[in-house]
Amino acid sequence: MENRSETEYFVLAAYGDVGEFKYLYFSIMLLWFVSIWVVNVVLILVIYIDKQLHEPMYIFLCNLSVTEISGSTSLYPLMLSQMLSDTHRVTVPFCFLQMSYIYTSASVEFCSLAAMAYDRYVAICHPLQYSLIMSTGRVCKIILAVWGYSFFTFLVLLLFLIHLDLCGNVINKVFCDYYRIIQLACSVSLILTVIVPFRLMSLFCLLTYLILFSYLKILAVCLKVSKENTEKAVSTCMPQIVS
C-alpha cells in the first residue's frame, strides 16, 4: 500500500502518444494561451486608461479578465510542458498549487458572472436606484468578497486533501483534479464524499438561479417597452452575454 507521505509525484495519464503531432498541438495550444493573455490584458488596459469606463459593468469585466488570466496561467503552462514530456509527471505540491488556482479561478468566474447578471438586472429593471445599489465602492467590495470566499473555501478543501492516504498516483486527466485525487485515496471521509460535493452543487444551483432570474426579469421588461429601449437594454447586456 502506498500512502500519502510516500507519494512524491502524480502521473497525468491522459496524455497519449501522438508522435510528431505533439509539436503541432503544442503550437496551437501556445497560440491559444498567448491569445487569451493578449486579449484580456488589452481589455484591462483599455478599461484602466479610459476614465469613462470606470463603471460597475466594466469593473466586473476587468475582474473577469483577471480571472481568465489567472485560470489560463494555472492550466496551460503545465499542459504545454507535458505535451513535450515523455514521463508526464507532476510533483504533489505543484499539483495542489495548480488545483488551488484552477478551482479558485473557476469559482471567482462563476460568482462574477452571477454578480454581472444582477448588475444588469438592477440597471434595467431599477434604473433610478442603480447608482445607489451598485456604486463603485460596493462593486469593489463584491469583487473582494468573491475572491476571499473562493480562496477560503478551497483552502479548507485543501486541508482535507493533504491529509489523505493515497493508494496510487495515476491521474487519468491532463491536469490535477480534485475528484481524481479523491479516487486515489485508500479511504475517504464523509465530508469529502458527500458534504463537499453537495455544497458545490448547492452553490452552482444558487448562482445559476440568480443568473436566470436576472435575465428573465430583463427579458420581461424588454417585452413591455418600445423597440428602441429594448435594443438599448440588449446592448448593455452584450458584454455579459459574450462572457
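All residue numbers refer to positions counted from 1 along the written sequence of the respective chain. pLDDT decides what is reported in this predicted model: residues at 70 or higher carry local features, side-chain atom pairs at 80 or more are listed and counted, and totals for whole chains, interfaces and linings draw on all residues regardless. Excluding hydrogens and water, the side-chain figures rest on all heavy atoms present in the structure.

As recorded in an unreviewed UniProt entry, the protein chain goes by Olfactory receptor and comes from Tetraodon nigroviridis. UniProt positions are given in the numbering used here, feature names are shortened, and annotations may be inferred rather than shown by experiment. The UniProt entry for the protein chain carries the following comment under Sequence similarities (unreviewed entry): "Belongs to the G-protein coupled receptor 1 family."

Turning to the pattern of salt bridges, a few remarks are in order. When charged atoms on two side chains of opposite charge get close, those side chains can pair. Any carboxyl oxygen of Asp or Glu that lies within 4 Å of a side-chain nitrogen of Lys or Arg is treated as forming a salt bridge with it. Per the counting criterion, the structure on display carries two salt bridges. When the shortest N-O distance is used, the salt bridge between Arg 120 and Asp 119 registers 2.9 Å. According to the relative accessible area criterion, Asp 119 is buried, its value standing at 0%. When the shortest N-O distance is used, the salt bridge between Asp 177 and Lys 173 registers 3.6 Å. A simple rule labels every residue: compare its accessible area, found with a 1.4 Å probe on the protein chains alone, to the largest value its type can have, and call it buried under 20%, exposed over 50%, or partly exposed in between.

The next thing to look at is the pairing of strand S1 (residues 9–12). Numbering of helices and strands runs from the N terminus; a helix is a DSSP stretch of H or I covering at least four residues, while a strand is a stretch of E covering at least two. Burial of S1 is one-sided: the residues Phe 10 and Leu 12 facing one way are buried, the residues Tyr 9 and Val 11 facing the other way are not. At least two bridges found by DSSP between two strands is the condition for calling them paired. Note: S1 against strand S2 (residues 89–91), three bridges, orientation antiparallel. For Tyr 9, the partnering residue across the bridge sits in S2 and is Thr 91. Strand direction decides the pairing type here: S1 and strand S3 (residues 170–171), joined by two bridges, are parallel. The residue of S3 that forms the bridge with Val 11 is Val 170.

Moving on, we come to the sheet that holds S1. Within a beta sheet, neighbouring strands are joined by backbone hydrogen bonds and run either parallel or antiparallel to one another. Pairing is mixed in the open sheet, where three strands are placed in the order S2-S1-S3. The outermost strands of the open sheet, each flanked by one partner alone, are S2 and S3. We call two residues in contact whenever any of their non-hydrogen atoms come within 4.5 Å of each other. To get an axis, a line is fitted to the C-alpha atoms, and for a helix only the part in contact is used. The angle between two axes follows their N-to-C directions and goes from 0 to 180 degrees. Packing of helix H3 (residues 92–125) onto the sheet brings it into contact with S1, S2 and S3, and relative to S2 it is tilted by some 85 degrees.

Moving on to helix H5 (residues 136–161). In a regular helix each residue adds 1.5 Å, so 26 residues correspond to 38 Å; H5 covers 38 Å between its end C-alpha atoms and thus fits that length. The complete set of buried residues in H5 reads Val 139, Ile 143, Val 146, Ser 150, Thr 153, Phe 154, Leu 157, Leu 158 and Leu 161. By definition here, a helix of n residues has an expected span of 1.5 Å times n minus one.

Below, the discussion takes up the environment of Tyr 9. Summarising the element assignment, Tyr 9 is placed in strand S1. Overall, the relative accessible area of 26% leaves Tyr 9 in the partly exposed class. Measuring from C-alpha to C-alpha, the distance between Tyr 9 and Phe 94 comes to 9.0 Å, with 85 residues separating the pair along the chain. Apart from residues lying up to four places away in sequence, Tyr 9 is in contact with Arg 89, Val 90, Thr 91, Val 92 and Asn 169. What qualifies as a polar contact is a pair of N or O atoms within 3.5 Å, subject to a donor-acceptor requirement within protein and to the restriction that residues adjacent in sequence count only when both atoms come from side chains. A polar contact of 3.3 Å, which involves the side chain of Tyr 9, links it to the side chain of Arg 89.

This part takes up the environment of Met 57. Within the secondary structure, Met 57 sits in helix H2 (residues 56–83). Remark: the alpha-carbon pair of Met 57 and Ala 117, spanning 60 residues in sequence, is separated by 9.6 Å.

Further remarks concern the UniProt feature "transmembrane region" (unreviewed entry) in the protein chain. As recorded in UniProt, the feature "transmembrane region" (unreviewed entry) lies at residues 23–46, 58–80, 100–118, 139–162 and 182–212. Taken end to end, residues 58–80 comprises 100% helix and 0% strand; its first and last C-alpha atoms sit 32 Å apart. Helix makes up 96% of residues 139–162 and strand 0%, whereas the separation of the span's terminal C-alpha atoms amounts to 35 Å.

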